[in-house]
Structures are given as C-alpha cells and as structure tokens.
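# A structural walkthrough
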Amino acid sequence: MKKFLVFALLVVSFVVLAQPKLTIWCSEKQVDILQKLGEEFKAKYGVEVEVQYVNFQDIKSKFLTAAPEGQGADIIVGAHDWVGELAVNGLIEPIPNFADLKNFYETALNAFSYGGKLYGVPYAMEAIALIYNKDYVPEPPKTMDELIEVAKQIDEEFGGEVRGFITSAAEFYYIAPFIFGYGGYVFKQTEKGLDVNDIGLANEGAIKGVKLLKRMVDEGILDPSDNYQIMDSMFREGQAAMIINGPWAVKAYKDAGIDYGVSPIPDLEPGVPAKPFVGVQGFMVNAKSPNKLLAIEFLTSFIAKKETMYRIYLADPRLPARKDVLELVKDNPDVVGFTQSAANGIPMPNVPQMAAVWAAMNDALNLVVNGKATVEEALKNAVERIKSQIQ
C-alpha cells in the first residue's frame, strides 16, 4: 500500500508539474501489447505512453546516438547483451530493488546485471531450437546426421519446392550451437568472470562446428544465400520442413496454420549436444531522460506485475522471466521444447566487448559458405579482428 501511494504521488507530481509522456522503443513483437498497456496506464494514471516501432537490429545503435544528447526513448526493449556497453557509457539507469523482484528467475536478473547493479526489468528468456513441420517430419531427428539425411530425402522428393532444412547460414547467432557444442566459446569463463582476452572462436571445437556448416553447404542442404528472412517466410508458407529459430517466431507459424513441433537442436554427434546462446529480453531506462524516475516506476510498479507479464507472454510467447508466469504455461509444448533447448545453452556474454564479435563472426561465416576462405583462415582472421577492436 505504501509503495502504491508513493507511486501515485510521483505520477501526480509529474502530471501536475510537467505533463510528461513516456516514449518506448520496441520491435514489432511488442508494439501491439505495449500500446494496449500504455492506453491502460494513461487511463489509470493520466500519463501518456507512446510506443514507437523500431527494427530490433536498429534499437541499440539508434539509442547510442540519441541518448548521450538527452534524446531518444525513455525506455527501450532489447537484449541483455546490450547491457555492458550501455552501462559503461552511462546510458541506462540502474533499477532499484522492487517488491516483485523475488518472483523473477536469477538467470534473467543476472543477465541484466553489470558491475553488481541491475540495469533492466527482464520479461522473457529465449534460445533457438529445431522447429519442424509435422506434415514432412513426423518425429524430429536426434542427430545432425539424421537431420541431413531427412533433409536430402525431402529435397529430392519435392524437387526443391520444399526445402528439407534451412537456417541463417552466415549469421553467428544461428551457427553458434554448432561452435559451442564442439567446444568453441566467445570469452573464457573463469572464476572471476569472463576473460575477454581469451577468445575461443578459432579453437579446435569452433573449427569443427563451422566445418559442419560447410558440410551442409557442400552437400546442398544449405545455400550460401540462406538468411533469416528466407528461412522464416518459407517455413510460414509450408515450403520448409525444418528450421532453427526462436520462440519469437512461432506465433506467426501458428497463425499461418502450420502443424509444427519444437525440439532441441539435434545432437552434433551422439552424446554431443548443440549449445545455443541463451538470451534474455527486457526493458531498460534511459539514464539521460528527464522522465527516468517515472519510467522506473512504470516498469517496476506496472510492467513487472504478474498479470502484465502474462499478457506480454501471450502477445510475444517466449519463456517467461517470472517464475509464476512460467508456471501458468509450463504445459505448453512450445515452452517445453524451447526450455529443453535452453537447458543445453550458454548465456550470451553481456560485456561491452561482445559488440565486436557479431560483425567479425558474421563476415567469417559469409566467407566460409561462399568458398572465399577456409574455415581455419576465416576464424583466425575473425579472432584477430575482435582482439584489435577490444584492445
């Protein structure tokens, strides 16, 4: 009750003194539900909430440009691996302790923590998994050899009109499960945290993982031009039998009437599980915003509530970051499949140095799948490029 009164007084003071408006930048997955929640917040507290759609890939770069000037959104919705870079640059505000904090998974809170401070309110956890069309693949393959065999059979049977398997061939995020499964790593995990000077993206395991990708290209399972848009659209249109994608995508497949299933990415070899990145999505507050106190209250006293988080899950069905919300949906087969995949996963590093990794590795994979460099050469050069950028 006391907390509510403090919140109400804070809102009233803002309304009387400044007539504030909260602006949120988010991707298309959250726009509709956040607009509805914003309208309810305005009706209850008189504070307008403007939700602006920004391409997910552009949110961080746009925020990095606007926030230092005291501009841009009051709140952004994004991934936990942005936290280190934004916190070091003083662009996001620490989130103080709040009543519902105990209801969130430690994994999700730790992902949004940096330097001992919490910098975001998490709402979902995620890991990519194998998504298969049951019309073509009644039971998911258990190993990558089985997947390749099934994919070849489907490619031959449908003469190319239906692809047996597609993933985003030159995108590190989607190839990482092969690299990590065989023993590659981004930064070495030590007792004191991540050692950013120890990069394992050109070690024996990483090379073996990327050679699995190259094998699928050489054997005609994957095309060098395969990317997320091709994978996503073909599966939604019933023209792909198996893909590797995340929980953010399944609502569209369900809406399209695809009879799909979700399972862990097949073992790379019997007993060698694929290890995807585990990511966390959440809300972060602009430290330079004149409305940051109101933004924090909006998140901790309204967005972080169980009912609100459940409604966000229904609109954007990823694994809930709140324990009691996950309990509500634990029998959902999609949740079970993605949870099993995440159980094999590795938390995505949230240190600032991670920003140097993506482009270097994407470029390396692009060279490999297009036959312009050997796996060894491409990964060695990528690691040298990462080191040069973080020193």
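Rules and cut-offs
- Residues numbered from 1 in each chain as written.
- Predicted model: local features only at pLDDT ≥ 70, side-chain atom pairs only at ≥ 80, totals over all residues.
- Heavy atoms only, no water.
- Phe/Tyr/Trp six-rings, centres within 6.5 Å; stacked < 30°, edge-to-face > 60°.
- Helix = DSSP H or I, 4+ residues; strand = E, 2+ residues; numbered from the N terminus.
- Buried < 20%, exposed > 50% of the residue type's maximum accessible area, 1.4 Å probe, protein only.
- Lys NZ or Arg CZ within 6 Å of the ring centre and 35° of its normal.
- 1 Å grid on protein atoms, 1.4 Å probe; cavity = no way out; pocket = protein on both sides within 12 Å on 5 of 7 lines; lining within 4 Å.
- Points joined across faces, edges and corners; volume = space filled by probe spheres on them.
- Nonpolar A, V, L, I, M, F, W, Y, C, P; charged D, E, K, R; others polar.
- Axes fitted to C-alpha atoms, helices over the stretch in contact; angles between N-to-C directions.
- Parallel < 35°, antiparallel > 145°, perpendicular 65-115°, else oblique.
- Contact = heavy atoms within 4.5 Å.
- Pairing = 2+ DSSP bridges.
- Salt bridge = Lys/Arg side-chain N within 4 Å of Asp/Glu carboxyl O.

### Here's the deal with the packing of aromatic side chains
The full count for this structure, using the stated rule, is 19 aromatic pairs. Ring centres of Tyr136 and Phe158 lie 5.3 Å apart, and the angle between their planes is 80°; on these two criteria the pair is classed as edge-to-face. Taken as a pair, Tyr136 in the loop between strand 7 (129-133) and helix 6 (144-157) and Phe158 in the loop between helix 6 and strand 8 (163-166) lie far apart in primary sequence, 22 residues in all. Considering the side-chain rings of Tyr173 and Tyr174, the 5.1 Å spacing of their centres and the 85° angle between planes classify their relative orientation as edge-to-face. Overall, Tyr173 belongs to the buried group, its relative accessible area being 11%. Here the basic side chain of Lys62 rests over the ring of Trp25, its NZ or CZ set 4.7 Å away from the ring centre. Over the face of the ring belonging to Tyr185 we find Lys188, whose NZ or CZ atom lies 5.0 Å from the ring centre.

### Description of the layout of surface pockets
Remark: the empty space left among the atoms is shown by a probe the size of a water molecule rolled over them. Approximately 1500 Å³ is the volume attributed to the largest pocket. What lines the largest pocket is a set of 43 residues, among which Phe56, Gln57, Glu171, Tyr174 and Trp248 lie closest to the centre. Class assignment of the residues belonging to the lining of the largest pocket gives a composition of 18 nonpolar, 10 polar and 15 charged.

### With respect to the packing of helix 2 (residues 28-45) against helix 11 (residues 292-303)
Following both chains from N to C, one finds helix 2 and helix 11 inclined at 95°, their axes separated by 13 Å at the closest point. Considered as vectors, helix 2 and helix 11 are oriented roughly perpendicular to each other. In this structure, helix 2 uses Leu34, Leu37 and Phe41 to contact helix 11, whose residues at the interface are Phe298, Phe302 and Ile303. Among the residues forming the contact of helix 2 with helix 11, the class breakdown is 6 nonpolar, no polar and no charged.

### Comments concerning the pairing of strand 13 (residues 277-285)
Judged by how many residues are buried, strand 13 sits mostly within the fold: 9 of 9 residues are covered. Pairing of strand 3 (residues 75-79) with strand 13, which is carried by 5 bridges, proceeds in the antiparallel orientation. The residue of strand 13 that forms the bridge with Ala79 is Gln281. Sheet topology note: the strand 6 (residues 121-126)/strand 13 ladder contains 5 bridges and is antiparallel. Among the inter-strand pairings, Pro122 is bridged to a residue of strand 13, identified as Gly282. In this sheet, strand 15 (residues 346-347) lies alongside strand 13 in parallel orientation, the contact comprising 2 bridges.

### What about the pattern of salt bridges?
Summed over all chains, the structure comprises 22 salt bridges. A salt bridge links Arg318 to Glu126; the shortest N-O distance between them is 2.5 Å. Placement of Arg318 in the loop between helix 12 (306-315) and strand 14 (319-320) and of Glu126 in strand 6 is noted, with a sequence separation of 192 residues between them. Judged by relative accessible area, Arg318 falls into the buried class, the value being 6%.

### Quick look at empty space enclosed by the protein
According to the stated counting rule, one finds 1 cavity of 30 Å³ or more in the structure shown. Estimates place the volume of the largest cavity at around 30 Å³. Around the largest cavity, the lining residues are Lys60, Asp81, Glu85, Val351, Pro352, Met354, Ala355 and Trp358. The residue inventory of the lining of the largest cavity, partitioned by class, reads 5 nonpolar, no polar and 3 charged.

### A closer look at the sheet that holds strand 11 (residues 240-245)
Taken in spatial order, the 4 strands make up an open sheet running 8-11-7-12, and their pairing is mixed. In the strand order of this sheet, the two ends are held by strand 8 and strand 12 (260-263), each with one partner. Going from strand to strand, the sheet's axes swing by 15° on average, the running direction of each strand aside. Note: strand 7 against strand 12, 4 bridges, orientation antiparallel. The residue bridging Tyr132 from the neighbouring strand is Gly261, located in strand 12.

Distances and angles like these do not, on their own, reveal function.
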